[in-house]
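# Close look at the chain arrangement
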Amino acid sequence: MTPASRRALLFAPFALAAAGGLGFYAVLRGMRTGEYNPRGVPSALLGRRAPDFILPPLEESGVPPVTSADLANLPGPVLVNFWASWCVPCIIEHPQLMRLSREGVPVFGIAYKDRPEDSRRFLRQHGNPFARLSRDEPGRVAIDWGVYGVPETYLLDRQGIIRWRYAGPITSDTLQADLRPLLRRYAG
Amino acid sequence: MRPAFLRRLVLLLALLAPLPTLAVSNPAEMLSDPAQEERARALGREIRCMVCQNQSIEDSEAELARDLRLVVRERIAAGATDEQVRDFLHARYGDFVLLKPPFAWSTALLWATPLIAMLAGLGLILGLRRRAVPVAPAPLTEEERARLAALGLPPEQGGTSA
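Now for a quick tour of the structure. (Residues numbered from 1 in each chain as written. Chains lettered and ligands numbered in written order. Predicted model: local features only at pLDDT ≥ 70, side-chain atom pairs only at ≥ 80, totals over all residues. Heavy atoms only, no water.)

## Concerning the pairing of strand β4 (residues 152-156) of chain A
All names here are of chain A. In terms of burial, β4 is a largely internal element, five of the five residues being buried. In β4, alternate side chains face the same way, and those of E152, Y154 and L156 on one face and T153 and L155 on the other are all buried. As paired strands, strand β1 (residues 78-83) and β4 are joined by five bridges and run antiparallel to one another. From the neighbouring strand, L79 faces β4, where its bridge partner is L155. One ladder, built from five bridges, connects β4 with strand β5 (residues 162-167); its direction is antiparallel. Note on β5: the bridge partner recorded for E152 is A167. Two successive antiparallel strands, β4 and β5, enclose a turn made up of five residues, where G160 displays a positive phi of approximately 85 degrees. (Buried < 20%, exposed > 50% of the residue type's maximum accessible area, 1.4 Å probe, protein only. Helix = DSSP H or I, 4+ residues; strand = E, 2+ residues; numbered from the N terminus. Pairing = 2+ DSSP bridges.)

## Notes on the pattern of salt bridges
Applying the stated criterion across every chain yields a total of 22 salt bridges over all chains. D70 of chain A is the partner of R132 of chain A in a salt bridge, and the nearest nitrogen-oxygen pair spans 3.1 Å. Remark: D70 of chain A occurs in the loop between α2 (12-33) and β1 and R132 of chain A occurs in strand β3 (residues 132-136); sequence separation between them is 62 residues. Here R73 of chain B makes a salt bridge to E58 of chain B, at a shortest N to O gap of 3.2 Å. On the criterion of sequence distance, the pair formed by R73 of chain B in helix α3 (residues 63-77) and E58 of chain B in the loop between α2 (34-44) and α3 is long-range, its members being 15 residues apart. As far as the burial class goes, R73 of chain B and E58 of chain B line up, both buried. Ionic contacts of the salt-bridge type, sharing partners, join the residues K113 of chain A together with E63, R66 and D67 of chain B into one network. (Salt bridge = Lys/Arg side-chain N within 4 Å of Asp/Glu carboxyl O.)

## Remarks on the interface of chain B and chain A
Every contact between the two is made by 19 residues of chain B and, on the other side, 17 residues of chain A. Note on chain B versus chain A: buried area summed over both sides is about 1400 Å², and carbon and sulfur give 51% of it. When the buried surface of chain B facing chain A is broken down by residue, Q53, R92 and Y93 of chain B rank first, second and third, together holding 35% of it. The partner of R140 of chain A in a salt bridge is E74 of chain B, and the shortest N-O contact between them spans 2.7 Å. Across the contact surface, chain B and chain A share five residue pairs in polar contact (both at pLDDT 80 or more). Tallying contributions element by element places α3 of chain B first for the side of chain B that touches chain A, with seven residues. For the side of chain B that touches chain A, the residue count by class is ten nonpolar, three polar and six charged. (Contact = heavy atoms within 4.5 Å. Buried area = accessible area lost by both parts, 1.4 Å probe. Polar contact = N/O pair within 3.5 Å; in protein donor to acceptor, adjacent residues only side chain to side chain. Nonpolar A, V, L, I, M, F, W, Y, C, P; charged D, E, K, R; others polar.)

## Comments concerning the sheet that holds β4 of chain A
All names here are of chain A. Spatially, five strands are ordered β3-β2-β1-β4-β5 in an open sheet, and the strand pairing comes out mixed. Lying at the two open borders of the sheet, with one neighbouring strand each, are β3 and β5. The average angle at which neighbouring strand axes cross in this sheet is 15 degrees, direction not considered. As judged from the five bridges shared by β1 and strand β2 (residues 107-112), these two strands associate in the parallel manner. (Axes fitted to C-alpha atoms, helices over the stretch in contact; angles between N-to-C directions.)

## Some words on the nonpolar core
Burial of nonpolar side chains together is a common tendency in soluble globular proteins. Ranked by size, the top nonpolar core spans 68 residues in total, and within it L71, V80, F82, W145, L156 and L179 of chain A carry the most contacts. When residues in this core are grouped by element, the largest group, six residues, is from α3 of chain B. Those residues in contact with V80 of chain A that lie beyond four places of it in its chain are L71, F108, I110, W145, E152, T153, Y154 and L156 of chain A. (Core = buried A, V, L, I, M, F, W, Y, C linked by side-chain atoms within 4.5 Å.)

## Describing the layout of surface pockets
Of the volumes computed, that of the second largest pocket is approximately 420 Å³. Around the second largest pocket, the lining is made up of 20 residues, and of these Y148, G149, V150 and E152 of chain A together with V51 of chain B lie nearest the centre. For the lining of the second largest pocket, the element with the highest residue contribution is α3 of chain B, accounting for three residues. (1 Å grid on protein atoms, 1.4 Å probe; cavity = no way out; pocket = protein on both sides within 12 Å on 5 of 7 lines; lining within 4 Å. Points joined across faces, edges and corners; volume = space filled by probe spheres on them.)

Such coordinate-based values are descriptive only and should not be taken to indicate function.
Shown next as structure tokens:
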């Protein structure tokens with residue numbers, strides 16, 4: 001080894017540490033801006049039809065239940081949102097759902113492992129963004145969808161094919177950066 | 001020995017005995033057929049708890065893990081094979097739910113990592129060894145030979161010991 005290459009090798013640990021630091025910074029930055037979600041797992045249902053299910057409505061919510069039949073031959077894309085009154089991130093997400101609902105995007109809700117009276121109280125307090133609403137108290141239909149936490153939101157195209165799944169609360173950033181372009185793409 | 005002492009000793013030893021750390025502590029969850037229950041446990045240890053992510057559903061106290069334990073047991077009780085139960089969960093939660101991911105193009109790098117690391121290490125060892133082959137020292141120059149002669153030393157000695 002020539003003295004020059006030996007000297008260069010001396011800097012290798014520093015270069016390695018610097019690269020590691022940069023990588024770590026990128027991960028932290030991604031987590032802050034929401035571009036990188038360390039717990040994010042791609043849905044196994046992407047590109048497939050929503051699973052068949054039968055769920056009871058949320059009584060006295062004033063909206064009809066979600067059925068499998070409602071998730072095919074749609075006039076436009078729809079969102080299916082799994083939520084619960086006991087779920088704190090759902091409260092963070094709620095204003096975005098209200099916004100979408102006001103803009104005319106159909107948001108279908110499935111209350112996950114929630115008592116009907118608690119679901120109703122939540123909607124009275126925060127408003128009801130859901131055009132259709134069912135409840136999955138045992139949480140078994142959620143398993144068929146591959147839900148592993150609430151809130152989780154699925155975007156279905158007009159044929160009822162699942163095109164996008166977001167685990168976690170939809171923030172106004174997520175709405176602008178991810179959801180709006182997708183809604184436009186699948187509108188046609 | 002007095003019986004009181006013996007009793008205390010037995011209690012102490014019982015405390016030292018390693019306790020099984022499975023989360024399935026609820027007997028109502030267990031299948032009545034011990035063979036089926038054993039299959040369900042073995043299978044559950046291969047299934048990742050999606051909530052905690054680094055535990056199997058057999059080890060996790062998360063509610064979803066409990067639900068999935070029940071799903072596994074229901075399907076086994078209904079006569080499903082291990083493969084069918086695994087496929088059922090895989091269809092819903094993807095590769096990530098299997099603690100031992102299947103071999104596919106998307107996981108090839110994951111599986112090949114130990115082999116790649118071994119080959120890289122082997123290459124490093126061989127490379128370093130080749131470099132370590134001692135190089136014969138350059139022959140002494142006329143000037144150096146003259147200096148050695150002046151010091152009263154034999155001409156071809158001392159060059160390599162430095």
